[in-house]
Amino acid sequence: MKREHQETGAGGGGGYHVATAGDMTGAKGKMTAGPSMGTEDDDCGVDELLAALGYKVRSSEMADVAQKLEQLEVAMASTAAAASDDASVLPQIASDTVHYDPSDLATWLDSMLSELNAPPPPLPPPPPVAASVHHHHHRFDVSTASAVSEPPAITTVAPLRPSDAYDFKPVPAPAIASGGRVVYGLDPQSEMIVSPRDQKRKRTCSPSSSSSRGAEAGRARGSRTEGASSAKPAAAVPVVVVDTQETGIRLVHALMACAEAVQQENLKAADALVKHISVLAASQDGPMRKVAGYFAAAIARRIYRRRPLSQVDRALDSPALDDLLHGHFYESCPYLKFAHFTANQAILEAFSSCRRVHVIDFGMRQGLQWPALLQALALRPEGPPSLRLTGIGPPQSDHSDALQQVGWKLAMLAKSIGVDFRYRGFVASSLADLESRMLLERDGNEGDRDDEGEEEAVAVNSVMELHRLLARTGALEKVLRMVLAVRPRIVTVVEEEANHNGGTFLDRFTEALHYYSSMFDSLEGSGGQAAEAGEEEQQQHRAMAEAYLGRQICNVVACEGAERTERHETLGQWRGRMARAGFEPAHLGSNAFKQASMLLALYAGGDGFRVEETDGCLTLGWHTRPLIATSAWRVSAAATR
Amino acid sequence: MLTREEGEEEQEEEEEAKGRRRAFSINDNVDLLAEILGRLDGRSLAVAGCVCRLWNALGRRDSVWEAVCHRHVAGGGSSAAGGGCSTRSVVAALGGYRRLYRLCIGPALDRLAGSAGGRGSTTTTAAAAAAHHLSLSLSLSLFSIDCYERLGGRQQPPASLLFLCKPVDVS
């Protein structure tokens, strides 16, 4: 994230200088605070939570910073009350703009406090472009403001928690009208948790209102005024007037604020915020824009969900489309290939020296996992076994038999490479509808081929299917009991590594935001190379993959109850569930790790991917964030009794 | 004058000897030629296939490409004879070693060499390092997926190997 600062205007002070925390305590006229990037000495002891959001505050100074924030709020409220004359200050702002770097909070606060004596003149009316990169010229259309300036008071607590530092309150109307300036105050009548950008919506004010409160405040001239004025007593909520200068951060803030509004059932605020998010997102580019777009659409869907699903929505839910998007997701990023290769390796090792093997796949789709297993079985040192594959898939809306087609293709491949292959497809809308005896029974015409003496080794494979069962209570337990009854040698489970099944909506939303941001980043990273002939197709795959993820986002955010099927859980949670059901972990060997590492090395932009091994399970992640986890399980000795 | 005559005679003798030596042509010993070509890397072998019809025919022999593949991937050369036979039949069923190299191993080696070369090593050492990292089983897995995608009247062009075919940034 780059903090860009410009100093314009004739009166602007000299260039940038690195501001350290202790510098700006004097009361002077204009002060310029340059960007504090490059200040390595500031990095030590910087509070990490704030640093992740782009603000550098030393942990030791936290209390001091909070106090100064309160002082600033008081000072600004007082100056807002005092300001009455727009005309006189307008020329000042037109000629002289001073921009402050808010990332170094302590310094910035000092400079604000020292300057806050005269009301900062309002900005000249900027063009009505809602969001542009240079935030100082932002101006938002506030015609819809009145709808949102409602009294539902949402308060937060704990003044010193860093996360609270970003709960913004809207400006009291008189303050706005007087100075045309956006000021934050603690106005109990119009309290609302919104992000700084959003307060524009809430005020019908002169065109000079702007989101860059910091810039406005920075234009104050004169000596320092400290003042206990008639400010209302702080309701234990600090007001932070910050100018983030980074639409990315603001976007995240807006999303979080919107989610909080939804959680508190403040649908009107949430609605306004959603529109604002879309506007902000348009100014971004790359993965952040797409993620924000999908999340905004999902929240909008949630807000209006009482409307029955339209025809379009129903059509969009077809499994055929889902398979198509899934296929593109397979091609554009390595997650599914990783999943398939590691699971196949576990199955291969479990099947060593078995002559008859049976694989049950809980999510057959296009069957892209199985050619590699067929080839590996064919090239086993002891020769190929006879393989039986049972595939389970959802009912198709257009009555085509996708499962059978997949089986036919696999049979052709198996025949050409000399593996004795049999296939069976089951159509089931939910895995809980299956029973173990259905999976184990053989077709009639196979009876004479089987030599009854030889036992069949069974493997159960589930790639991103088990989490759907969590939507119905008891479904997962039923399925795991069924798996136990099948007596498998190995059960391979691949799941997304995230907790999207948390208690509160806000938790889920936050988790999902981080998870899908990493996902979209990785799609961008692995797809981006020089523009050549293959690029067009790559981009198409990527767009489809993003649509696939977008559907998941929509499900996580907008749906509830039985509809919400994307209930991802972390590896730790799955470990607990499998252990309770009677399985014990089987370690994935080093072969799987090596193969996965090799596979990742082949991906351009594969620098970002990380394969890690935790307690015998392999995870693939983007930079530091694991995104998908493969684990293998055996029936535990206790359960066999 | 005598010396000049002697010199001419010596020259003639030398030319005859040269003629006798020239009678040996590598193109007369196809198996030897195949053995030699099998020690090339993929790109050079493809170039060699442009020399003449004979070399082109040899460049299409799967056994030559089999040698190339095994030489360039880890774990290929050490397979036992029995394993080699079954590998051969499986690979033949999937499309042959030449196709395997063209679709999987070649691009993969380029990708690995490119990423290694980006760190400053020369092309030869990069190629050696790349070979070390690729295994035959992985390439065969990818190859089999591609083969599977081509089966049965594909509606879309098979794309599972597209991730290998992206151009390597050589800036």
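Residues numbered from 1 in each chain as written. Chains lettered and ligands numbered in written order. Predicted model: local features only at pLDDT ≥ 70, side-chain atom pairs only at ≥ 80, totals over all residues. Heavy atoms only, no water.

- Per an unreviewed UniProt entry, the recorded name for chain B is F-box protein, and the organism is Musa troglodytarum.

1. Here we look at the overall build of chain A
Thought 1: Along its length, chain A carries 23 helices and 11 strands.
Thought 2: Here chain A, with 641 residues, has 58% of them falling under the buried criterion.
Thought 3: Nonlocal contacts in chain A, meaning residues at least 24 apart in sequence, comprise 79% of its contacts between residues at least 6 apart.
Thought 4: Here chain A has roughly 25000 Å² of accessible surface; of this, 55% comes from carbon and sulfur atoms. (Helix = DSSP H or I, 4+ residues; strand = E, 2+ residues; numbered from the N terminus. Buried < 20%, exposed > 50% of the residue type's maximum accessible area, 1.4 Å probe, protein only. Contact = heavy atoms within 4.5 Å. Areas by Shrake-Rupley, 256 points an atom, 1.4 Å probe, with all protein chains shown as cover.)

2. Looking at the overall build of chain B
Thought 1: A tally of regular secondary structure across chain B gives nine helices and zero strands.
Thought 2: If you list the helices and strands of chain B from N to C, you get α-α-α-α-α-α-α-α-α.
Thought 3: Residue burial in chain B is summarised as follows: out of 171 residues, 39% are buried.
Thought 4: Put simply, of all contacts in chain B between residues at least 6 apart along the chain, 65% involve residues at least 24 apart.
Thought 5: A total of about 9800 Å² of accessible surface is found on chain B, and carbon and sulfur atoms cover 53% of it.

3. Section: the environment of His358(A)
Residue and element names in this part refer to chain A.
Thought 1: Examined against the element boundaries, histidine 358 turns out to sit in strand S3 (residues 356-361).
Thought 2: Along the chain, histidine 358 and threonine 390 lie 32 residues apart, while their C-alpha atoms are 7.6 Å from each other.
Thought 3: Not counting residues up to four positions away in its chain, the partners in contact with histidine 358 are Phe351, Arg388, Leu389, Thr390, Leu439, Glu456, Ala457, Val458 and Ala459.
Thought 4: For histidine 358, the side chain forms a polar contact with the side chain of glutamate 456, separated by 3.3 Å. (Polar contact = N/O pair within 3.5 Å; in protein donor to acceptor, adjacent residues only side chain to side chain.)

4. Concerning the pairing of strand S6 (residues 457-463) of chain A
Residues and elements named next belong to chain A.
Thought 1: By the criterion of burial, S6 is predominantly enclosed, with seven of the seven residues buried.
Thought 2: Neither face of S6 is exposed, since Ala457, Ala459, Asn461 and Val463 on one face and Val458, Val460 and Ser462 on the opposite face are all buried.
Thought 3: As judged from the five bridges shared by S3 and S6, these two strands associate in the parallel manner. Following the sheet pairing, aspartate 361 is matched in S6 by asparagine 461.
Thought 4: Sheet topology places S6 next to strand S7 (residues 490-496); five bridges connect them, and they run parallel. By the bridge assignment, alanine 459 is partnered in S7 with isoleucine 490.
Thought 5: Following the chain from S6 across helix H18 (residues 475-486) to the adjacent parallel S7, one finds a crossover that is right-handed. (Pairing = 2+ DSSP bridges. Right-handed = clockwise from strand over helix to strand, strands pointing away.)

5. So, helix H2 (residues 30-37) of chain B
For the α-helix, the turn length of 3.6 residues means that residues three or four positions removed from each other point alike.
Residue and element names in this part refer to chain B.
Thought 1: Those residues of H2 not exposed but buried are Leu33, Ala34 and Leu37. For H2, the buried positions fall inside an angular range of 100 degrees around the axis, keeping them on one side.
Thought 2: Packing partners of the buried residues in H2 comprise helix H3 (42-48), helix H4 (53-59) and helix H5 (62-72). (Arc of directions from axis to C-beta.)

6. Things to note about the confidence of the model for chain A
All names here are of chain A.
Thought 1: The share of residues in chain A with pLDDT of 70 or more is 61%, and the mean pLDDT across the chain is 70.
Thought 2: Contacts from residues 1-43, a stretch scored under 50 in pLDDT, to residues over four places away or in other chains number 99 contacts.
Thought 3: Contacts from residues 117-245, a stretch scored under 50 in pLDDT, to residues over four places away or in other chains number 327 contacts. (pLDDT = per-residue confidence, 0-100.)

7. Observations regarding the packing of aromatic side chains
In this description, a pair of aromatic rings is defined by centroid distance and the angle of the planes.
Residue and element names in this part refer to chain A.
Thought 1: For the coordinates displayed, the defined rule picks out nine aromatic pairs over all chains.
Thought 2: Relative to phenylalanine 520, the ring of tyrosine 294 has its centre 5.8 Å away and its plane inclined at 50 degrees; by these criteria the two rings are tilted. Linking tyrosine 294 in helix H11 (residues 287-303) with phenylalanine 520 in helix H19 (residues 505-527), this pair joins segments that are 226 residues apart in sequence.
Thought 3: Judged by its relative accessible area of 0%, phenylalanine 520 falls in the buried class.
Thought 4: One cation-aromatic arrangement involves arginine 577 over tryptophan 574; the distance from NZ or CZ to the ring centre is 6.0 Å. (Phe/Tyr/Trp six-rings, centres within 6.5 Å; stacked < 30°, edge-to-face > 60°. Lys NZ or Arg CZ within 6 Å of the ring centre and 35° of its normal.)

8. Topic: the pattern of salt bridges
All names here are of chain A.
Thought 1: All chains considered together, the criterion is met by 23 salt bridges over all chains.
Thought 2: Arginine 422 serves as the salt-bridge partner of aspartate 420, at 3.8 Å between the closest nitrogen and oxygen.
Thought 3: Taking relative accessible area as the criterion, aspartate 420 reaches 35% and is therefore assigned partly exposed.
Thought 4: For arginine 422, a relative accessible area of 11% translates into the label buried.
Thought 5: In this structure, the salt-bridge partner of arginine 468 is glutamate 566, at a minimum N-O distance of 3.5 Å. (Salt bridge = Lys/Arg side-chain N within 4 Å of Asp/Glu carboxyl O.)

9. So, the side chain of Thr492(A)
All names here are of chain A.
Thought 1: Within the secondary structure, threonine 492 is located in strand S7.
Thought 2: A polar atom in the side chain of threonine 492 sits 2.7 Å from the side chain of asparagine 461.
Thought 3: Not counting chain neighbours up to four residues away, the residues in contact with threonine 492 comprise Ala343, Ala346, Ile347, Val460, Asn461, Ser462, Ser631 and Ala632.

10. Brief notes about the UniProt feature "domain: F-box" (unreviewed entry) in chain B
Thought 1: Mapped onto this numbering, the UniProt entry gives "domain: F-box" (unreviewed entry) at residues 31-70 of chain B.
Thought 2: Here residues 31-70 of chain B is 75% helix and 0% strand, with 18 Å between the C-alpha atoms at its ends. (UniProt positions renumbered as here; feature names shortened; annotations may be inferred.)

11. A closer look at the confidence of the model for chain B
Residues and elements named next belong to chain B.
Thought 1: Averaged over chain B, the pLDDT score is 75; the fraction of residues at 70 or greater is 59%.
Thought 2: No element of chain B has a lower mean pLDDT than helix H8 (residues 123-133), at 56, and none a higher one than H4, at 91.
Thought 3: Throughout residues 167-171 the model reports pLDDT below 50, and contacts reaching past four residues in sequence, or to other chains, amount to eight contacts.
Thought 4: For this predicted complex, the interface score ipTM comes out at 0.77, alongside a pTM of 0.65.

12. With respect to the packing of helix H14 (residues 335-350) of chain A against helix H22 (residues 590-601) of chain A
Residues and elements named next belong to chain A.
Thought 1: With their axes 9 Å apart at the nearest point, H14 and H22 run at an angle of 155 degrees to one another. Between H14 and H22, the interaxial angle falls into the category roughly antiparallel. Judged by the twist between their axes, the crossing of H14 over H22 is right-handed. When H14 is examined against H22, the residues Lys337, Phe338, Phe341, Thr342, Gln345 and Glu349 are found in contact with a partner set consisting of Asn591, Ala592, Gln595, Ala596, Leu599 and Leu600.
Thought 2: Of the residues assigned to the contact of H14 with H22, the class counts are six nonpolar, four polar and two charged. (Axes fitted to C-alpha atoms, helices over the stretch in contact; angles between N-to-C directions. Parallel < 35°, antiparallel > 145°, perpendicular 65-115°, else oblique. Left-handed = near helix turned anticlockwise from the far one by under 90°. Nonpolar A, V, L, I, M, F, W, Y, C, P; charged D, E, K, R; others polar.)

13. Side note on unusual backbone geometry
Thought 1: Here the phi dihedral of Glu265(A) falls at roughly 65 degrees; this positive angle occurs in a residue that is not glycine.
Thought 2: Position of Glu265(A) among the secondary structure elements: in the loop between helix H9 (247-263) and helix H10 (267-283).

14. Brief notes about the nonpolar core
Residue and element names in this part refer to chain A.
Thought 1: Ranked by internal contacts, the top residues of the largest apolar core, which has 135 residues, are Phe295 and Tyr335.
Thought 2: Among the elements that take part in this core, H19 stands out by supplying 10 residues, more than any other.
Thought 3: With residues up to four places along the chain from it excluded, the contact list for tyrosine 335 reads Phe329, Met519, Ser522, Phe609, Leu620, Trp622, Leu627 and Ile628.
Thought 4: Among the nonpolar cores identified, the runner-up in size contains 29 residues, and Leu434, Leu469, Val483 and Met578 belong to it. (Core = buried A, V, L, I, M, F, W, Y, C linked by side-chain atoms within 4.5 Å.)

15. Considerations on a nonpolar patch on the surface
Thought 1: There is a patch of nonpolar side chains on the surface, built from Phe24(B), Leu32(B) and Ile36(B) and spanning about 300 Å² of accessible area.
Thought 2: Summarising the element assignment, Ile36(B) is placed in helix H2. (Patch = residues over 30% accessible without salt bridge, like charges linked within 9 Å, V, L, I, M, F, W, Y side chains within 5 Å.)

16. Considerations on the pairing of strand S10 (residues 617-622) of chain A
Residue and element names in this part refer to chain A.
Thought 1: Extensive coverage of S10 is indicated by the burial of six of its six residues.
Thought 2: Where strand S9 (residues 609-614) and S10 come together, six bridges link them in antiparallel fashion. Within S10, the position partnered with valine 611 by the bridge is leucine 620.
Thought 3: The hairpin formed by S9 and S10 contains two residues between the paired strands, and aspartate 615 there has a positive phi angle of roughly 55 degrees.
Thought 4: Counting the residues between successive antiparallel strands, the hairpin from S10 to strand S11 (residues 625-635) contains two residues, one of them, histidine 623, with a positive phi of roughly 50 degrees.

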